[in-house]
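Commentary on secondary and tertiary structure
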Amino acid sequence: MKNQFDLKFVEKLVNSKYGIKAKAIQIEGETDDNFKMSNDDNSFFFKIYPAKTKIEFVQFQTKILKNLECNINTARNVFDKKNNFFSHFIDEGNDVRYVRMNTWIHGRLWSSINPLRSTIREQLGFKSATLVKDLQREKLTYERKDFHWDLANFEWIKSYYKKIGLNKKYLLTIKQLLDNFKKNRKKYNKLRKWLIHNDLNDNNIVVSNDLKNPKIKGFIDFGDSIKSQLINELSVTCTYGIVKSLNPLKSACEIIKGFHWVINIHKEEIDFLYDLILMRICVSVVKSRLNKKLNSENKYLQISNNDMNILFDRWSSLNKELATCFFRDACSLSPISNEKKFKKLIKHKRSSINTLFQNSDLRNLKNLDLSVSSNWLSNELINDVDSFEKKINFEPNLIYYGGYMETRVVYDSEDYEKLTDSGFENRTTHLGIDFWVKEKTTVHSIEDGIIKVLTNDKTIKGYGGLIIIEHNIENIKYYSLYGHLSNQNNSKYKVGDRINRGEKIGEIGANKENGGWCPHLHFQIMLTLLDFEDDFPGVCMEDEKMIWSSICPDPKLILEMQTNKNIHFNENELKNLRTRFLGSNLKLSYDLPIYIVRGFNQYLYSNKGKKYLDTVNNIAHVGHQNINVVNAAKDQIGLLNTNTRYLHHEILSLSKNLLSKFPKKLSKVYYVNSGSEANELALRMTSLYSKSEKFIVFEGGYHGNTNKTIEVSNYKYEGEGGRGKSENIYEIPMPDKFRGKHRGKDSTNKYYKELEKIISKASKSDEKISAMIFEPIISCGGQIELPSGFLKKCSKILKKFDILMISDEVQTGFGRVGEKYWGYELHGIIPDIVTLGKPMGNGHPIGAVVCSEKIAQKFDNGLEFFSSFGGNPVSCKIANEVIKEIDSKNLQSNAKKIGKYLKESLNKLAKKHSIIRDVRGTGLFIGFELVNDKLVPQAEKANYLVNRMKEMGVLMSTDGLEKNVIKIKPPIIFSFSDTDRMLTLLEKVFNEDFMHKG
Ligand code: PMP
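Quick look at the structure, then. (Residues numbered from 1 in each chain as written. Predicted model: local features only at pLDDT ≥ 70, side-chain atom pairs only at ≥ 80, totals over all residues. Heavy atoms only, no water.)

It is worth spelling out the packing of aromatic side chains at this point. In this description, an aromatic ring pair is defined by two values, namely the gap between the centres and the angle between the planes. All chains considered together, the criterion is met by 39 aromatic pairs. Ring centres 5.9 Å apart and planes at 80° place the aromatic pair Phe86 and Tyr98 in the edge-to-face group. Linking Phe86 in strand E5 (residues 86-90) with Tyr98 in strand E6 (residues 96-103), this pair joins segments that are 12 residues apart in sequence. Taking the relative accessible area as the measure of exposure, Tyr98 reaches 15% and is therefore buried. With centroids separated by 6.2 Å and ring planes inclined at 25°, the aromatic side chains of Tyr401 and Phe435 adopt a geometry described as stacked. With Tyr401 in strand E13 (residues 399-402) and Phe435 in strand E17 (residues 433-435), this residue pair connects regions lying 34 residues apart in the sequence. The burial state of Tyr401 is the same as that of Phe435; both residues are buried. (Phe/Tyr/Trp six-rings, centres within 6.5 Å; stacked < 30°, edge-to-face > 60°. Helix = DSSP H or I, 4+ residues; strand = E, 2+ residues; numbered from the N terminus. Buried < 20%, exposed > 50% of the residue type's maximum accessible area, 1.4 Å probe, protein only.)

Close to the ligand lie Ser674, Gly675, Ser676, Asn679, Tyr702, His703, Gly704, Glu775, Asp808, Val810, Gln811 and Lys838, which account for all nearby residues. Note that an oxygen atom of the ligand is positioned 2.9 Å from one of the backbone N or O atoms of Gly675. Lys838 is positioned such that a nitrogen or oxygen atom in its side chain is 2.9 Å from a nitrogen atom of the ligand. In isolation the ligand offers 390 Å² of accessible surface; the protein chains occlude 85% of this area. (Near = heavy atom within 4 Å. Polar contact = N/O pair within 3.5 Å; in protein donor to acceptor, adjacent residues only side chain to side chain. Areas by Shrake-Rupley, 256 points an atom, 1.4 Å probe, with all protein chains shown as cover.)

Enumeration over the complete set of coordinates arrives at five cavities of 30 Å³ or more. The calculated volume of the largest cavity comes to roughly 70 Å³. Phe424, Lys611, Leu613, Gly953 and Arg981 are, among the 13 residues lining the largest cavity, the residues nearest its centre. (1 Å grid on protein atoms, 1.4 Å probe; cavity = no way out; pocket = protein on both sides within 12 Å on 5 of 7 lines; lining within 4 Å. Points joined across faces, edges and corners; volume = space filled by probe spheres on them.)

The topology assignment puts Met405 in the loop between E13 and strand E14 (417-420). When the C-alpha atoms of Met405 and Met805 are compared, they prove to be 57 Å apart, with 400 residues separating the residues in sequence. Once residues within four sequence positions are removed from consideration, Met405 is found in contact with Thr429, His430, Leu431, Lys545, Trp548, Ser549 and Cys552. (Contact = heavy atoms within 4.5 Å.)

Let us look at the pattern of salt bridges. In this structure the tally under the stated criterion is 52 salt bridges. Of the charged contacts, one joins Lys661 and Asp887 as a salt bridge, the two residues approaching to 2.9 Å between their closest N and O atoms. Taken together, the positions of Lys661 in the loop between helix H19 (649-659) and strand E29 (666-672) and Asp887 in helix H26 (residues 873-888) put the pair 226 residues apart, joining distant regions of the chain. Taking the relative accessible area as the measure of exposure, Lys661 reaches 21% and is therefore partly exposed. The salt bridge involving Lys757 is made with Glu754; its shortest N-O contact spans 3.9 Å. Taken together, the residues Lys757 and Glu754, both in helix H23 (residues 747-764) and three residues apart, mark about one turn of the helix. Judged by its relative accessible area of 51%, Lys757 falls in the exposed class. Residues participating in the shared-partner salt-bridge network are Arg739, Asp918, Arg920, Glu929 and Glu962. (Salt bridge = Lys/Arg side-chain N within 4 Å of Asp/Glu carboxyl O.)

Let us now look at the packing of H23 against helix H24 (residues 790-800). Taken N-terminus to C-terminus, the directions of H23 and H24 make an angle of 20°; their axes are 9 Å apart at the nearest point. Compared by their axis directions, H23 and H24 come out roughly parallel. Here H23 and H24 pass one another in a crossing that is right-handed. Between H23, through Thr748, Asn749, Tyr751, Tyr752, Leu755, Glu756 and Ile759, and H24, the contact on the second element is made entirely by Phe790, Lys793, Cys794, Ile797 and Leu798. Along the lines of polarity and charge, the residues of the contact of H23 with H24 split into eight nonpolar, two polar and two charged. (Axes fitted to C-alpha atoms, helices over the stretch in contact; angles between N-to-C directions. Parallel < 35°, antiparallel > 145°, perpendicular 65-115°, else oblique. Left-handed = near helix turned anticlockwise from the far one by under 90°. Nonpolar A, V, L, I, M, F, W, Y, C, P; charged D, E, K, R; others polar.)

Turning to the sheet that holds strand E31 (residues 729-732), a few remarks are in order. Spatially, the seven strands line up as an open sheet ordered E29-E37-E36-E35-E32-E30-E31, and their pairing is mixed. Lying at the two open borders of the sheet, with one neighbouring strand each, are E29 and E31. Averaged over all pairs of adjacent strands, the angle between strand axes in this sheet comes to 20°, irrespective of strand direction. Bridge count between strand E32 (residues 771-774) and strand E35 (residues 804-808): four bridges; the pairing is parallel. The residue of E35 that forms the bridge with Phe774 is Ser807. With respect to the sheet, H19 is in contact with E29, strand E36 (833-836) and strand E37 (847-852), its orientation differing from that of E29 by roughly 130°. Relative to E36, helix H20 (residues 675-690) is tilted by about 160°, and along the sheet it contacts E29, strand E30 (695-698), E32, E35, E36 and E37. (Pairing = 2+ DSSP bridges.)

What follows concerns a nonpolar patch on the surface. Taken together, the side chains of Phe581, Leu582 and Leu586 make up a nonpolar region of the molecular surface, amounting to roughly 320 Å² of accessible area. Along the chain, Phe581 falls in helix H17 (residues 571-581). By relative accessible area, Phe581 is classed as exposed at 57%. (Patch = residues over 30% accessible without salt bridge, like charges linked within 9 Å, V, L, I, M, F, W, Y side chains within 5 Å.)

As summarised here, the arrangement of the four strands in space is E26-E27-E28-E40, forming an open sheet in which the pairing is mixed. Of all the strands in the sheet, the pair left with one neighbour each is strand E26 (596-600) and strand E40 (954-955). Bridge count between E26 and strand E27 (residues 603-606): four bridges; the pairing is antiparallel. Each bridged residue has a counterpart across the sheet, and for Gly599 the counterpart in E27 is Leu604.

A cluster of basic side chains, namely Lys183, Lys186, Lys187 and Lys190, defines a positive patch on the protein surface. For the positive patch, the leading source of residues is helix H5 (residues 185-190), giving three residues. As for its placement among the helices and strands, Lys187 is situated in helix H5. (Lys, Arg positive; Asp, Glu negative; His and termini not counted. Charge placed at Lys NZ, Arg CZ, Asp CG, Glu CD.)

With that settled, the discussion passes to the packing of helix H4 (residues 168-183) against helix H9 (residues 305-316). Packing of H4 against H9 brings their axes to within 12 Å, and their N-to-C directions diverge by 60°. It follows that H4 is oblique to H9 by the angle criterion. Crossing hand, H4 versus H9: left-handed. On H9, the residues touching Lys169, Tyr170 and Thr173 of H4 are Met308, Asn309, Phe312, Asp313 and Ser316. For the contact of H4 with H9, the per-class residue count stands at three nonpolar, three polar and two charged.

Next up, the structure:
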């Protein structure tokens, strides 16, 4: 029993016994009284054992620490004044109380770390194995009969678990565990026994204070150490190391991998791991229920109860056999034990594709690439079964097949997706081969066998009609799976029926009965059914494919078909090639760059099939690879692509459409290939118009990568490597009401005065200024909204001095700002020139300059304007289609609606996380700042945030002069659910240590 000693008493006690003056703080413990003792120089751990503690136990504890002097992750015994490892005093009840002290391990507890990533889990495994190895240096034992925390004693639970109000699932699980344990007791008893720590729970693991990449610093509390099965140690470590993980199996494997690195885990031990982890979870829950009854005030005793209940649900719902395959893989064993034997067997016991489809003409088989980067599978085919079928049947003599271990994008129904520690993840990798044969094609068993499953899978994009047959050849069992058959209700077979090799078992199903697919056979081989009863996965997570390829070997081996080798690049190869061929200031995004191979609406897909929600690419305005835009491009490029020196209708049709979006004053258009070129041309036009090369620009403005546009881009010339401001440039300070030179309410006037100052100074010295170039919302500068009324005020004085206004709408144009079609309209002004780029071609390079008749006339001074590519029929057709998409799908109003919701949601999030400030922007052109309470920009946190969001499947970017602004400018098809998804993950990251601690 604990005593709750007076802290002053403890301090005196420590001083008298150890000669150390230190302040005491009580720390929670199960039965002992524990204290942290600190003074200016040092901290110590001090323990008072309960009365009646056996001296042998105290000796055992100190000997453990002595034994571990070689281990850098454990504390050292501190001698008392008499040079003893422990001491004692007599308490008020006249009992002897043993005390001991050891050094303090500085750091945080594992339980407080967020996020727990794979690196630290592997390290936990590695270090815990090192610890247990070091524990064996000298033979130490301490007999503890019937110790409840020894998993070898699990049966103690039998007398308690039914009496403490556990739910049915717990009762069933514990009963099952007891039965299994009894059945396998002999094998278990034979496993090696070591002295183990036995309690590396999340409050006994000390982790460094590094918030980004924390490391394991030490292990404490050897109070539960015993000699027991070594595998119990790993089971306990796993149990607490995976608490709170959304994918506990993967997390456990990380720990196991690290452990196995140091201590080779035996096959026989692996077989017990799943149950032992579940046993430890149950012991923890049962103990905490019992303790609650006995000792209701001690909160420590119930700490992990909630988390354990959640872990219980997650762990107990895993497939035990599958989990064991994962463990074997983590221990460098083949996930399936008879994989080798099977592969040997089928070398002389093959079947054939002719057996599978007895009557089909199989002469013309062709491999079909449906991988993420497949050119064959255009986006429009992904959700359009009819078009897919048409294409599949385009060459009637061909039978397409393929797909084993192919990572695909077609599995996008809810059934394939789950929220994991790495964000939303889809099962994407195909485990069988598809044969794209026609509906009603007969299907035959590849080998003698017994029907194990005969059912109709009703899930969307599931198997539809499904048969699984068990084969037992030369005492090796395997299974063949036939999916997407016709409805099985009228099958003449039932489960348990014997089937002969070549016997017809069914027919290929039509779309309505095969799970909603174009007719085909999904054929798969499995070496086990795992614990599935009337289903079996046909698709797995990409990062689990090595394990699944062992469970489901390549069916081509059995069907005697060629195995295709697809050539794929990996990220490292690509990075190396970039270094070799490209200039090093061509930068990649993110700490670990991603290899993107497909775009589809608001998503980008990596080569590994990872789906990224894209909030960065405002160029893919109406969606990546928008089907209508792609088709427009395809139609025109096959017909004609020349320059503007011939008559053509497309450039005129585009000009008419484009100019209809502008007021009458802006009536002429010039086509170029990029935003930079558009601005370059605009600057040239204004120079000619006013015979001056002097320009007014904004701090933070960016207008392009050509010489002239860099000269007017403060963001670049003042940025790293920039040449600084040229003499002909006049700057208005960043009109930022939040952190700019002038803040708050009167900022409109104050920024206006800055312009006034520039103009009056220039006019005093007779300097003619040509134009002011600006963005209606300053994008690269950090999504800065100009103060209200500011531009309107500016326009008057600019007009007065005949200074032209160039509105750079490269980012803000085409409905993105929601409220209006163009950004300048937000300010109630009409500029003299508007420049366009990025979204205009939805990824295709096209830009434009729109100006008044008068400016166009002055520009025509005899020098011909010609751009080889500007205004070509393909670009014009594409831009026309983009405008059509925005109009026909009401995307401007979508930007307004979703932008409003996004802003509101971000403001709500900002209430919970004070680092988020000044959510700003309009429509789907939003930004927010990350600052501390003194408004100091938090660039490192912004960088951390976008990298973490990327890992979780959302692409975001930082910008602003101090790189602390998170910019959100997705394709304007972005939806409410996209917003919710992004917010869910943002909230997760904002809760991580690096974002709010330190
Ligand atoms: N103006 C603005 C506002 C821009 O954001 C950009 C590109 N980031 C440009 C001009 C230059 O466009 P491009 O990269 O197409 O040359």
